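Each chain, written out:
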Amino acid sequence: MDIVVVTTVIASLFLVIGLAEPLAARLRLPYTVILAVVGILIGAGAIFFLRTDLTDALNPVAEAILGLPIRSNVFLYVFLPTLLFQATLGMNLRRMLDDWVPIIVLAVVAVVVATFSVGYALSWVSALPLAACLLIGAIVSTTDPSAVVTIFRSISAPRRLARIIEGESLLNDAAAIALFGLFMGFVMLGIPDPDLGEALARFPVLIAGGAFTGWLAARVAVWVMALFNRHELAQISISISLPYLAYIVAEQSIGASGVIAVVAAGLTLNLSGPGRLPPQAWANLRELWEVLAHWAGALIFILAALLIPRLLEEVRIEDFVLVCVVIVAAIAARVVVLFGLLPLLTLLRVSPAVERPYRAAILWGGLRGAVTLALALAVTESFRVPDGIQRVVGILATGFTLFTLIVQGTTLRWVIGRLGLDQLSPIDQALSRQVVAVALQTVREDVSRTTDNYDLSHDIVRSEAKRFGDRLDEAVKTAEDSADILDRDRVTLGLIALAGHERDTILVRVRERTISARMAEQALSNADRLIEGARSGGRSGYQRAARRSVTYGRAFRSAVFLHNRFRASRLLARMTADRFELLLSQRLVLRDLGAFIDGRIRRIHGRRLADLLRELLSRRIEAVETALESLRLQYPGYAEELERRFIRRTALRLEEREYAIMREDGLIGAEVHTKLMEDVAARRAAAEQRPHLDIALQRIELVRQLPIFAGLSDAGLKRLGRAFQTRYVNAGDIIIDKDSPAKRVFFIASGAVELETAGQTWRLGRGEMFGQIAILMKRPRRNEVRAIAPSTLLVLNEERFRRLLGRSAAVREAVEASAKKRGIDPQSLLSSTGERIKK
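This structure is a prediction, so every number in the text was calculated from the model and none was measured.

Some points on the overall build of the protein
- Along the backbone of the protein there are 33 helices and eight strands.
- Residues counted as buried form 50% of the 839 residues belonging to the protein.
- Counted over contacts in the protein with a minimum sequence separation of 6, partners at least 24 positions apart contribute 79%.
- A total of about 39,700 Å² of accessible surface is found on the protein, and carbon and sulfur atoms cover 58% of it.

Okay, here's the thing in structure tokens:
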């Protein structure tokens, strides 16, 4: 084939890609629908001109189009890894985790339900073997989110809805392709009725093998990329190789799921990349992958659509009936999951609620696309699949894809509008009106200063001022008309604005490198939770999200468990260091919000609301300070090292800015500026290295600081440090239940707890202990102990506590003092040796 013709065809495809997006925007249709229609027209036109007797002039072009190497392996090994990998890099994983239950249900459970629903429905109405029917079910069960997400981003649709659909599509590709591989094997082996139990038993192996391969490949890639911190192009090149190598190794060498390997590799790079790569390199890497994914997604649609005329050449009347069966079964399966299973999980408090309009949009937004066509193409290409099955698979998959694109895709925007998902909420509408009024007032002041500076014509200035004044008066009147909104809604408006500004401040600090890229994702996720918490729950929702940002999460507690049980401290040290840095970043950002409240918030919402937000902000700052103080007490000196690191990074940023100003003013030349920036980059690389946190060493120092252990020798402190287990609790957590068996004694390293017994309440703070009375009196606990602040507790079991009691006079005195405080005779408490405690 002439290379000039092939190059012309490929260049023309990119021209089509460039023209399709603005055309889709003008026609208000999904971008992928336009690509599919254009691809079908190109494919049909090529077949027509190749077979017609009207002219032979276009035969070379038609032959080049039909002769393009469009094979299933091209889709699965070239385009699919690109799409999946970019999707994982572009995801906000921490926000996705908030909706992980509905995402997993839609991505895995819905795929399995759709596969078996379509498979058994086809087996009842056709003569196809069950394995072939289940194969068709697996092919049509995967969804394509690109059209749906494009529409959501072009209107005021809730971002949570887009996140759920993106997460579903990312993972359901993996589930559907894994099922496709299983049933494809049965069809090629000629097994009409497969053992489904055996098939599903292999499913976890495929997933686990792929996940491990992707994780390992990404860890190696990140390690290599971190070695090349000064070579951005090398880092980007390594990232290009990662998804393809992970896919090929998993598929060809291990026999696992290549799709899962790519997803795992992308997720691992997403989590670890920002902390190991320079911020600009990470941003450029993601931008490049966005371009590659855009091209890959468009090409896969066009090339797959080129095949549709050939796949439908042998269509028969009865095939339309089977297509209708597939449509009904697939939609019914999705209805069962969305309107049956998800509400049940919400009722059982397993899943966060997904509102009915959201579920309706997800139902109608389940478009099928290029992955479905690529899997169908793989079946039609296989010589080991009988011809009759090849034909039916190609027609049914193509027909169902066309139905979702042409019927659902073209009506999706209308459905979203009917559901009201494209409209701002009343609160957002009121906020937008007030924001416009305040913004125009600010603009008027700035324009006035500008016209004075440039000495413009008085008549022109007066006419434009009158025109602008009319618009401002109208905006103010509109804002005043919404003055009857409830005070509760005004609070919500203010909290949303405050959380939004907090997010913007974080982005500014990241660009200035005051906040590291490693912490940026988590800090932004916390800000997003504040916004959504305020939207859904007002003040209480905002406060819940604020508390969550400083509490110990499940991952942190899992790391503590590994450290206490197996002495594996590496994960705990890393997460503790992350917590230190995140809290320092939070304190930095929160202190910047006061000026925003006193300025914009006060002008938009008034003094009363500004004072309320000031109070809420003060509570957040206090909570962050408390959490930081707790860590300072637990790990003396480490917080100071992080603060020194922050000062060094700030100084480097200011130094870099000064050099840039001198370069712009012509005080230094390009050569000098380049040399100076190289020196700054070298010092920045050193400043970015976070100091190491030694958990074991810090534990001994922590024990030494507690007054109750002041009399112990260094050897005793080391033994005690090794004997202690650490427990982290959040405010409100119950540490000891009433009537629970007495097995442990707790020492408060930081924080505070509240002890309730017999209608009385005591508060205990740092250095005090609790739980010892029940152990020494050998009876079940009669009190409840609850944390009233994020606290760190050191825990000893009964045997080691009795041993300590026998060695330490200070501990015996503390036990005696606590007994007297509660009205218990100290002489009634027995020591570990059976003797009474001496006064």
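Brief notes about the side chain of Ser 239
- Along the chain, the position of Ser 239 falls in helix α11 (residues 232-254).
- Look at Ser 239 and you get buried, because its relative accessible area is 0%.
- Contact partners of Ser 239, with chain neighbours within four places excluded, come to Phe 85, Met 225, Leu 285 and Trp 289.

What to know about the packing of helix α7 (residues 130-139) against helix α18 (residues 387-418)
- Interhelical geometry of α7 versus α18 gives an angle of 30° and a closest axis separation of 10 Å. Here α7 lies roughly parallel to α18, going by the angle between them. Here α7 and α18 pass one another in a crossing that is right-handed. Residues Ala 132, Ile 136 and Ile 139 of α7 touch α18, and the partners they reach there are Ile 389, Val 392, Val 393, Leu 396 and Ala 397.
- Tallied by class, residues from the contact of α7 with α18 come to eight nonpolar, no polar and no charged.

Some points on the sheet that holds strand β6 (residues 769-770)
- Ordered by their spatial adjacency, four strands build an open sheet running β1-β8-β3-β6, and the pairing between neighbours is antiparallel. Two strands close off the open sheet at either side, each with one partner strand: β1 (725-729) and β6.
- Where β1 and strand β8 (residues 791-797) come together, five bridges link them in antiparallel fashion. Within β8, the position partnered with Tyr 728 by the bridge is Thr 792.

Observations concerning helix α25 (residues 593-605)
- Taking 1.5 Å per residue as the helical rise, α25 with its 13 residues ought to reach 18 Å, whereas the 16 Å between its terminal C-alpha atoms falls clearly short.
- Buried residues of α25: Leu 593, Gly 594, Phe 596, Ile 597, Ile 601, Ile 604 and His 605, and no others.
- Note on α25: the residue one or two positions beyond its end, Gly 606, has a positive phi of about 100°.

Considerations on the confidence of the model for the protein
- Overall, the predicted model of the protein reaches an average pLDDT of 79, with 88% of residues at or above 70.
- Below a pLDDT of 50 lies the segment residues 830-839, which in the model reaches 22 contacts outside its immediate sequence neighbourhood of four places, other chains included.

Focus on the packing of aromatic side chains
- This model, assessed by the stated rule, comprises 15 aromatic pairs.
- An aromatic cluster is defined as three or more aromatic residues linked by ring pairs; in this entry it consists of Phe 116, Tyr 120, Trp 124, Phe 183 and Phe 186.
- One Lys or Arg, Arg 579, reaches over the ring of Tyr 552 and ends 4.1 Å from the middle of that ring.

Overview of the pairing of strand β4 (residues 753-757)
- Judged by how many residues are buried, β4 sits mostly within the fold: four of five residues are covered.
- For β4 and strand β5 (residues 760-764), the ladder comprises five bridges, and the chain directions are antiparallel. Note on β5: the bridge partner recorded for Leu 755 is Trp 762.
- Bridge analysis of β4 against strand β7 (residues 784-787) gives four bridges, and the strand direction is antiparallel. The residue bridging Val 753 from the neighbouring strand is Ala 787, located in β7.

Digging into a nonpolar patch on the surface
- Together, Ile 10, Phe 14, Val 291 and Trp 295 make up a nonpolar patch on the protein surface, roughly 330 Å² of accessible area in all.
- Put simply, the parts of the chain that give the nonpolar patch at least two residues each are α1 (3-27) and α13 (279-306).
- The topology assignment puts Val 291 in helix α13.
- Take Val 291: its relative accessible area is 36%, and that puts it in the partly exposed class.

Notes on the nonpolar core
- Grouped together as the largest cluster of nonpolar side chains are 94 residues, with contacts concentrated most on Leu 122, Ile 139 and Phe 180.
- Once you skip the residues sitting within four places of it in the chain, Ile 139 turns out to touch Phe 180, Thr 372, Leu 375, Ala 376, Val 379, Val 393 and Ala 397.
- One finds Phe 580, Phe 596, Leu 617 and Leu 642 within the second-largest nonpolar core, a separate group that totals 44 residues.

Notes on the environment of Asn 564
- Position of Asn 564 among the secondary structure elements: in helix α23 (residues 554-566).
- Note on Asn 564: relative accessible area 12%, which makes it buried.

What about the pattern of salt bridges?
- By the definition in use, this model includes 18 salt bridges.
- Taking the shortest distance from any N to any O, the salt bridge between Arg 391 and Asp 319 comes out at 2.7 Å. Of the two residues, Arg 391 is situated in helix α18 and Asp 319 in helix α15 (residues 317-347); the sequence distance between them amounts to 72 residues.
- Residue classification places Arg 391 among the buried positions, given a relative accessible area of 15%.
- Taken together, the shared-partner salt bridges connect Asp 598, Arg 602, Arg 607, Asp 611 and Arg 614 into one network.

Points about the sheet that holds β4
- Spatial strand order, β2-β7-β4-β5: four strands in an open sheet with antiparallel pairing. Strands at the two margins of the open sheet, each flanked by one partner only, are β2 (734-736) and β5. Each strand axis lies, on average, 25° off the axis of its neighbour in the sheet, ignoring direction.

Notes on a positive patch on the surface
- A contiguous patch of positive charge, built from Lys 718, Arg 719, Arg 722 and Arg 807, is present on the exposed surface.
- With three residues, the single largest contributor to the positive patch is helix α30 (residues 714-723).
- For Arg 719, the position within the fold is in helix α30.

Details of the packing of α1 against α13
- As a packed pair, α1 and α13 sit with axes 10 Å apart at the nearest point and diverge in direction by 105°. On the basis of the axis angle, α1 is roughly perpendicular to α13. Within the contact between the two elements, α1 uses Leu 13, Phe 14, Val 16, Ile 17 and Glu 21 and α13 uses His 294, Trp 295, Ala 298, Leu 299, Ile 302 and Leu 303.
- Partitioning the contact of α1 with α13 into residue classes produces nine nonpolar, one polar and one charged.

Structural notes on the environment of Ala 234
- With respect to the helices and strands, the residue Ala 234 is situated in helix α11.
- According to the relative accessible area criterion, Ala 234 is partly exposed, its value standing at 28%.
- Along the backbone, Ala 234 and Val 224 are ten residues apart, and their C-alpha atoms lie at a distance of 9.8 Å.

Reading the values: the criteria
- The written sequence of each chain sets the order in which its residues are numbered from 1.
- The predicted origin of the model limits local features to residues at a pLDDT of at least 70 and limits the giving and counting of side-chain atom pairs to 80 or more, whereas totals for whole chains, interfaces and linings rest on all residues.
- Side-chain metrics rest on all non-hydrogen atoms present in the structure, leaving aside hydrogens and water.
- Numbering of helices and strands runs from the N terminus; a helix is a DSSP stretch of H or I covering at least four residues, while a strand is a stretch of E covering at least two.
- Note on classification: 1.4 Å probe, protein chains only; a residue is buried when its accessible area is under 20% of the maximum for its type, exposed when over 50%, partly exposed between these limits.
- Note on contacts: a residue pair is in contact if any heavy atoms of the two residues lie within 4.5 Å.
- Where accessible areas are quoted, they stem from the Shrake-Rupley method and a 1.4 Å probe; at the residue level, only the protein chains shown are allowed to cover.
- Between the N-to-C directions of two axes lies an angle of 0 to 180 degrees, each axis being a line fitted to C-alpha atoms and, for a helix, fitted only over the stretch in contact.
- Each angle receives one of four descriptions, namely roughly parallel if under 35 degrees, roughly antiparallel if over 145, roughly perpendicular if within 65 to 115, and oblique otherwise.
- Note on convention: the crossing is left-handed when the near helix lies turned anticlockwise from the far helix by less than a right angle, right-handed when the turn is clockwise.
- As a working rule, the residues Ala, Val, Leu, Ile, Met, Phe, Trp, Tyr, Cys and Pro are called nonpolar, Asp, Glu, Lys and Arg charged, and the rest polar, with Gly in that last group.
- Two strands pair if DSSP finds at least two bridges between them.
- Here, expected helix span is obtained from the residue count minus one, scaled by 1.5 Å.
- Residue-level confidence of the predictor, termed pLDDT, takes values from 0 up to 100.
- Ring pairs shown here join Phe, Tyr and Trp side chains whose ring centres sit within 6.5 Å, with only the six-membered ring taken for Trp; geometry is labelled stacked below 30 degrees between planes, edge-to-face above 60, and tilted in between.
- Throughout this description, the term charge over a ring refers to an Arg CZ or Lys NZ atom that lies within 6 Å of the ring centre and within 35 degrees of the ring normal.
- By definition, no residue in a patch forms a salt bridge, and every one has over 30% relative accessible area; like charges are joined within 9 Å, nonpolar side chains (Val, Leu, Ile, Met, Phe, Trp, Tyr) within 5 Å.
- Here, a salt bridge means any Lys or Arg side-chain nitrogen found within 4 Å of an Asp or Glu carboxyl oxygen.
- For our purposes a nonpolar core is just a set of buried Ala, Val, Leu, Ile, Met, Phe, Trp, Tyr and Cys residues, chained together by side-chain atoms within 4.5 Å.
- Residues scored as charged are limited to Lys and Arg (positive) and Asp and Glu (negative), so that His and the chain ends carry no count.
- We put the charge of a Lys on NZ, of an Arg on CZ, of an Asp on CG and of a Glu on CD.

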